[in-house]
Amino acid sequence: DGVSVNGLVAHLFRHESGRITAALTRALGSRHMALAEEAAQEAMLRALQTWPYRGVPPEPGAWLQTVARNFARDRLRREAGWAELTPAVQRFLEGQSVGAAAAGMDDTLAMMLLCCHPSIAPEARVALTLKVVSGFSTREIAAAFLLAEETVAQRIVRAKRAIREGRVEMAMPSGADAAERLHSVCDAIYLLFNEGYFASGGELSIRRDLCDEAVRLLRCVLETGYATPERWALLAMFHLHLARFGARRSEEHTSELQSPCNL
């Protein structure tokens, strides 16, 4: 029904929008990051418009990726940007090939590194990462940083402009640049886990899916060759909290049963 479809799309927005944006940005180049975001959002909108009537496709993630890719392709053709793309990118947009991930990296991690580029103000890097990669709303990011929504929105706009104007590409940095960017990436991953463990919105007080994604991304960081004792400790802390999920749910259920409002 409509309610279940809305819940599914909301779930997929958290999981798939960042991956779709990352894949399209990697294929098209960072100057088209805004188009990649728009394509991901358009795919989610079309899902809300069609799935309640036609049913959810067998592979909803692949469906969303195809719709987003086609949207980006049609937009570039209309705006006469098609001729500027390489044959490999044109084939990708036609669905003939999937392309190669940036330097063999996970697309999502590559996108996080892009969002934490040195050309972006340090205070805007984590906000941009949470917005573009993890599907956080501006309100959620503002709550995480205890800032006004307008302040966060302005930071994100400036960060996107820095990427677009700087023609920054998705690539694995090295040396001091890698250390600085990965530090910001880990900050974003921590906030992602924190949002999952203490969900600020929705009916669920725990979002296991967000916590699992934070663990996956942190493992990707550890596999880059820039593992540090602090990052291993962060992973250990994540797993410690994950081990308490069952007990925490039981505690919350018991608390609800004993609440005076329920007696």
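Residues numbered from 1 in each chain as written. Predicted model: local features only at pLDDT ≥ 70, side-chain atom pairs only at ≥ 80, totals over all residues. Heavy atoms only, no water.

### With respect to empty space enclosed by the protein
Applicable threshold: Cavities and pockets were defined on a 1 Å grid built from protein atoms only: a cavity is a group of points that admits a 1.4 Å probe but offers it no way out, a pocket is an open group of points flanked by protein on both sides within 12 Å along at least five of seven lines, and a lining residue is one with an atom within 4 Å of any such point. Grid points are joined across faces, edges and corners, and a volume is the space filled by probe spheres set on the points. Secondary structure elements follow DSSP: runs of H or I of four or more residues count as helices, runs of E of two or more count as strands, with numbering from the N terminus. Throughout, the ten residues Ala, Val, Leu, Ile, Met, Phe, Trp, Tyr, Cys and Pro are labelled nonpolar, Asp, Glu, Lys and Arg are labelled charged, and all others, Gly among them, are labelled polar.
Scanning all chains against the criterion turns up 2 cavities of 30 Å³ or more. Of the volumes computed, that of the largest cavity is approximately 100 Å³. Together, R14, H15, G18, R19, T108, V133, S134, L192, L210 and E213 line the largest cavity. Put simply, the parts of the chain that give the lining of the largest cavity at least two residues each are helix 1 (2–28) and helix 10 (208–222). Ranked by residue count, the leading element in the lining of the largest cavity is helix 1, at 4 residues. For the lining of the largest cavity, the class distribution of residues is 3 nonpolar, 4 polar and 3 charged.

### Side note on the environment of Q90
Quick note on the threshold: Each residue is assigned to one of three classes by its accessible area relative to the maximum for its type, calculated with a 1.4 Å probe on protein chains only: buried under 20%, partly exposed between the two thresholds, exposed over 50%. What makes two residues a contact is simply this: any of their non-hydrogen atoms within 4.5 Å.
As for its placement among the helices and strands, Q90 is situated in helix 4 (residues 87–93). With relative accessibility at 21%, the residue Q90 sits in the partly exposed group. Each C-alpha atom, one on Q90 and one on L28, is 9.2 Å from the other, the two residues being 62 residues apart in sequence. Setting aside its immediate chain neighbours within four residues, Q90 contacts W82, A83 and L85.

### A few points about helix 2 (residues 33–54)
The condition is simple: Take the number of residues in a helix, subtract one, and multiply by 1.5 Å to get its expected span.
Between its terminal C-alpha atoms helix 2 stretches 31 Å, which fits the 32 Å expected from 22 residues at 1.5 Å a residue. For helix 2, the set of buried residues is M33, L35, A36, E37, A39, A40, A43, M44, A47 and W51. Just downstream of helix 2 lies G55, where phi reads positive at about 90°.

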